[in-house]
Every structure is written in structure tokens, then in C-alpha cells.
Amino acid sequence: MYRYAKYLEIYGDFVQANALFSKIIGIVNQEDALHILSQIGIANGKNNSGLNESLEVRVKEALLGEKLTLEEKVTIFQEFTQAVPNTVLIGQYSEYFKMANNIQAPRLRFITTHVLGFHYANSLGADLDMISSVLQDSYKYVSSELATMHFGAMQKIEERKGDYKKSWEYSKIALEKKLGKFEKIEDLLQKVEDFEETDLQLEYVSRFAKANLFLTRTGADMSVVKDAFSLFEAVERNRLNTRTLFVESLVSKKNSAKETDFLNLLIIATYLYQHTGEVDYLSRAITVADGAFGGAVYNWVKTRQRMRNNAAFSADVYRLEALVRELSDRGKDFSIAEIEARREELAAQRQQMRDKYPEHYADLKSDYSIDLRQIQRARAADSSAVIGFYGNAQIMYRLFVSADTIDLTILDDVKDRVRTLSEQLPELRDNAADPAPFHAALREIYGHLFSGIDGLLPERLHIIANDYLEQIPYSALRQDREGEAPRYLGVEKTLSRQFSLRSMELLQDIQLPDVQAQPLALAPVFENELLEASALRQAGFQLPPLLYNAEEVTTLQSIGPGRFYLANRATLRNFLRHADRHSIIHLATHAISSEVDGLASRVYLLDDAGQPVSLYAADIGNQTLNADLVTLSACETGAGSQHVVEGTVGLTKAFIAAGARGVVASNWAVDDRATAELMETFYRAIDAGQSPPAALRTARRTYLARHPEAHPSRWAAFESYGGRGIPRWEDAYPWWQSPWAYAALALFALLGAFWGVKKIRHA
């Protein structure tokens, strides 16, 4: 069970991993190694917030005690140190060093000293020589397999001492212990390209790249910076290539995107661009960042396109996806043997897929590169701009590409404030009694994020954001100053939200098959049905009646033909029967986004008995959609769980992965009546030839013109994700379905009846 929990943790599924860790804690003895390891696992999954003094005491007692085996102690120490930020434990460093010195077993003593030296070298002073001495002494008594660890720790120690040449030498020795001898950087780059990802191997390459950077402090020229950039890039491209092997997953492996590494790449690219003027460095760095955050959507857009054209490939992907879903099912109590058997089966099927469809995997690996000059030409062609926000707790970058500008700016001085404001926004938004703080926050966030480019923004903007920046309601940000009339970004500009630069291009360019170019619209009726409380995010456990959702469907009916299902006819069966054959899909219903498991997010339709039934995000891709537009007119359909790599995972990405070109979804609980009014304007604008982002802008402007004092919570929730083209929509009835045709048929029937009666009378 612990191995399965670690498996889920590696894939970034901390919630399910933590559920298993908690189960282990409830089963095993408190002094068991698995009990301590599971506590560490939970703390790691909660971004270390669960670590406390008692856990630290437990770890030290376990390491110094006699109840655990050597292997168990090594495992606990390594897991614990990796889970805890250096800044948290530096105050207790001396205690840990005493602990290491008191360990008699040479192997464990060496490993603990290595971990201390490696993780804390940058924060220590006089003790560095002591650690170095202990490492050198204990290294004599351990096997050569630990040589890489030894030289890696010595690299960090010498780096901290300021001896960058010696640090580089140790780093090269450590790397050669892993990969073999090399004389030129080109030889090392070839080695990195050739081997399938072993994360520890890649980690040592990254350390060597960093050692090259530090050589600039010894007077080395620009060539070492370029070498470091190439090495970091090779590492990250290897990880991105590895991700393409998991075509069946909407979320990716946790270790496939080391934030520190791709951020290092952005830092170096900015430096090289400033000193050489070569945009290629920025393009290569953004390719890595773009792939890190948008890799799963990129994989699925290309995979779904092949599924449309290859029935055998499609069947194999569905079979692989079903196996992954079964392996991740928390409701099944698998034994360790069963878990291992399924994991082996999954690995075998993945290998079979690679052997059977090598051209698909080659395409995935070769087609994700970004050329910012090409992006710039595309922006000039459609008079738009791309704004990408890339960041985490340590750093924030803003990419701006317009017809005449390519700029990558560091926003470190505002990142903490933006994070704080973004976390406060939901509470401020819901405080209807005092809206002023909410508006002030929207104005301040805009000022921080768009500083320096406010006057450069064209009419159309495409926004890419990750981490906490993804949760910001960009359409509601205020461009005005305090005391001025409101100017909201999503009213002043046409906004589209994108998952990545590459997926933006792909979603625009894919050729969808011919389908019925008319809407499929469903609006079920609800009567306060009770829901189960598990995995719910919204308050309350009922599905209250929707008083205005039927109006959304009747609006579509008034525009033209399609398939329209109201009340008890809005069934899951009808949706599944027709969803793959319509260019527009509209669901006016209830939805629940799960922050526990994004793939458990759902929209509600009805079963054949008229009772609510869930359409889960995990099941949406069971058929391939061909829609230009899916509108999820319900609460929080743009929300979901937060994956450590992919960001928000929920209904929006599920519909994109299922084949939809674009999705309109909501960021919070929406007002039923206001939504009906917005959707009427939205669809009439689309019928008039506007794209979904432009139609949403029109809907917002129209709503505010009618309700100038309306709070943004009523009109700013919906945003357009993905495709920016005009949806296929034949809003005129075929002549045989037109009202005139029906009138003519009625007239003929009436005349026929008249002549029939006349003949009878004459007879």
C-alpha cells in the first residue's frame, strides 16, 4: 500500500496518495517505519505544512534508536530531508549533525552526513570543513556505488566556500560516475538525449550545469553560460519527451517538471538575450516552460486527432486509459500483489503502444517547440498579443509577445503581493456588503501584472498562466484608477485563456471532421435532490431548481435548428448519443468542481427515470468530441483540483482532452438569471459571426450597459478557453425543415382534405 501511495505521489496525485498514507497510519504500529514514512508523505503532499516538532522528534528518535533496520533508517532520513525545506530545519542543524556523528554504521553515517552537507551547505559557515572531514573519513568505509553522492556533496560544500573551480571539478567527477567519461559538452548533451529519463541522472546533469554558471565568477567567458543553458535545456527536454509516453493521462508525472530547473533556464535565457539579442534563447526557454505546464493538453490534442483518423489506435488508447483509471480507483482495495500486477500490465501496454505506433510518439516529441518570432508574426496577422505568466513561490516571469514586441520580464518584486491578493479574492468577492476591497484588489493586481505594457495592449489578448496566477479572474481586473469610471479588462479587451502557446496553435489549426453544424443543448430540471457529501466543494448538498436554465436552450431554439432537450428529456443517454455529432454543445445545469480529485468534478444530467446522474470529468473522454465550442453554463466549471505540474484539472481540460476545440466555463458559483441573460447575448453574437472570446466580451458589455452597477460576480465568471475560431453554425433550417415548408405541407394537407370531402359529396 505504501508503494502504491508513493506511486500516486510521484504522479502528482497527492490527494489520493494522502488517503492511502492516512490508511496506513491507522493500520500499522506507531513505531513502525511505515507509520513515520506515511506521516512524512502527508506533510510533503501538503507542501510541508503538516510537518511539526513532534514529527521531527520522532524521526530523530527512530534514527538513533535500535528498533528499525539500517535500510529503514536510511529511507526515513532521505524522505524526511527531501520533504523539508532547508530553511525550516537549519535551526536544528547542529542536532542533526550530532545525530550523524553518533551513528556507528559507516554507510548510514556517510548518507546522513552527505544529506546534511548537500542540503544545508548554502546556509552553513564554519561547520563546512567539519562536514567535509566527516564525509572524507566515512567515505573510506563505504562501497564505490556511493561515490556519486560523495562528490555531489563535496561540490555543494566547495561552492559554498567560494571555490568554484574545485566545485566544478567535483561536479564533473560525480556526473562521470553516473554517465561515464566525457570531454566536451557536446558529448554530454548526446548522452542526455540518448538515455530514457532516470531522474537522478538528470539531477546530476543539472548540478553540473549550475557549476558551469558559477565559473563566470572566476572570470570565465560567456561560453560557460551558453553551456549551462544547453545542459539545462537538454535535461528539461528529456523530461518533456518522457511525458509523451503517457498519452492516456490527463495529468502527468510529478518529476517530469522540476520547477527550479526550468526557472533556471528562464533566468539564463533572459541573461543571454540581453547580452546577445538572440531571441532563440527565449524561444527555447519558453518551449520548456510551455511544455511543463501545458504538456498534457498538448499530448491530448494531438492524440485525439490521431484517434479520429485511426480506429485501432483509438481502441488501444481507450484500453490503456481504462487500465489507468482502474489502477487509480480509491474505491478498490487492491492487495500489493494486485497493484504490482496491474502496474506491470500498464507498463507492458504502454510499451506495446510505443512499438505499434512509433510515428505518433515521434510526432509528440518533435512538434512542441516554440518559435517566438513565428508567434509574433501570427500576432501581427490577427492584431493580438500573448501574455504568459510563469511563476511559483520563488520567482515570476511575464512573457509579452505582440506585433512589434517580444519581452520577458521578471516580476519578483510583486509576486508575493499578487499571491496574497489572489488568495484573498474569493472571500472579497463574496462580501456583497462591502465590495470596495474587492475592486481595490482587482485594480492592484492589474497594476502589478500589466505594469509597463498597459499602453501596448491590442484589442485581443491571449492569456496563459500557471500556479496561483491561473486562478485570477482576468476579465474582472480593473484598468482604471481609483475614482475613475470602471474599465474592466474583459470589457475593454477580447480575452482568451490558453493552456500553453503550443496548444493554442494546435487548437486553432486542427481540422475537425464534418458534423451537424448545429447545437446540442440540454437543460435538466431539478427538485432539491440530495447529494452525497463526498468530494464536494460547494456548500450545501442539494441540487436546487434552476429557474432560468431552460431560457438558455429556448434562446438557441429561437436562433435556428439543433437538438434541444428540456426538463426530463435532458438525459445523460441523450447527451452520450449525440455529443460527438454536433459542432456546439451547451449544458445549462448544475456542476460541482472537486478540489479533492479534479477528475471527479462533474456536471449533472438526468437518468431515464428523471433522477440526477453525474457526467464525470474522468468519463467525458470516453468518446471523441468534434465540437468547436462546449459551453458549461453551470457553477465553477472552470475550477478543479490543483496538480503540481498541470495546474487546474477539472471539467474544462477534460472537454478539451476529449476533442473540443474550445470551452466556455465559469470560475465561481453563478447567478441563474444573470447567466441566462449573458448566454442570450453570447449566442446571438456568435450567430452574428463573432468568436467565443469576442462574444463573451459583447455579452459582458451588454450586461453592464443594462445593469451598470452590477457586481463582477454576476457577469465576469465565464471565460473562453482554447479555440478562438468562429464555431460552425448553420442557423438556417434546411428547406424541408423550415417553417415555410411546414406551412406548405399543412396547406397541401388542408387542400387534400377539402378535395376529398368535395369528392365524397359529389359521390
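Each value, and the rule that gives it
Residues numbered from 1 in each chain as written. Predicted model: local features only at pLDDT ≥ 70, side-chain atom pairs only at ≥ 80, totals over all residues. Heavy atoms only, no water. Helix = DSSP H or I, 4+ residues; strand = E, 2+ residues; numbered from the N terminus. Buried < 20%, exposed > 50% of the residue type's maximum accessible area, 1.4 Å probe, protein only. Contact = heavy atoms within 4.5 Å. Areas by Shrake-Rupley, 256 points an atom, 1.4 Å probe, with all protein chains shown as cover. Salt bridge = Lys/Arg side-chain N within 4 Å of Asp/Glu carboxyl O. Pairing = 2+ DSSP bridges. Phe/Tyr/Trp six-rings, centres within 6.5 Å; stacked < 30°, edge-to-face > 60°.

Draft legend 1. Local environment of the overall build of the protein chain. The helix and strand inventory of the protein chain stands at 32 helices and 18 strands. Per-residue burial over the protein chain gives 56% buried out of 763 residues. Taking all contacts inside the protein chain whose residues are at least 6 apart in sequence as the whole, residues at least 24 apart take part in 72%. Counting only carbon and sulfur atoms, one obtains 50% of the accessible surface of the protein chain, whose full area is about 32,400 Å².

Draft legend 2. Just the pattern of salt bridges, in detail. Within this structure, the stated rule accounts for 34 salt bridges. Note that Asp316 and Arg319 form a salt bridge whose closest N and O atoms lie 2.2 Å from each other. Of this pair, Asp316 and Arg319 both sit in helix H17 (residues 311-327), separated by three residues, roughly a single helical turn. According to the relative accessible area criterion, Asp316 is buried, its value standing at 10%. We classify Arg319 as partly exposed; its relative accessible area is 47%.

Draft legend 3. Spatial organisation of the sheet that holds strand S13 (residues 612-616). The three strands lie next to each other as S11-S12-S13, forming an open sheet whose pairing is antiparallel. Either end of the sheet is taken by a strand with one partner, and the two such strands are strand S11 (591-592) and S13. Inspection of the sheet shows strand S12 (residues 602-606) paired to S13 by five bridges, in the antiparallel sense. Considered in S13, the bridge of Leu606 is made with Pro612.

Draft legend 4. Spatial organisation of the packing of aromatic side chains. Applying the stated criterion across every chain, the model contains 16 aromatic pairs. Geometrically, the ring pair formed by Tyr488 and Trp715 is edge-to-face, given 4.8 Å between the ring centres and 70 degrees between the ring planes. Of this pair, Tyr488 sits in the loop between strand S4 (460-465) and helix H23 (489-492) while Trp715 sits in helix H31 (residues 712-715); the two residues are 227 residues apart in sequence, bridging distant segments of the chain. One exposure class covers both Tyr488 and Trp715, and it is buried. One aromatic cluster is present, formed by Phe389, Tyr446, Phe450 and Tyr474 through successive ring pairs.

Draft legend 5. Structural view of the environment of Ser314. Within the secondary structure, Ser314 sits in helix H17. Sequence-wise, Ser314 and Thr303 are eleven residues apart; in three dimensions their C-alpha atoms are separated by 8.7 Å.

Draft legend 6. Looking closely at the environment of Ala362. Topologically, Ala362 is positioned in helix H19 (residues 358-366). Along the backbone, Ala362 and Thr244 are 118 residues apart, and their C-alpha atoms lie at a distance of 9.1 Å.

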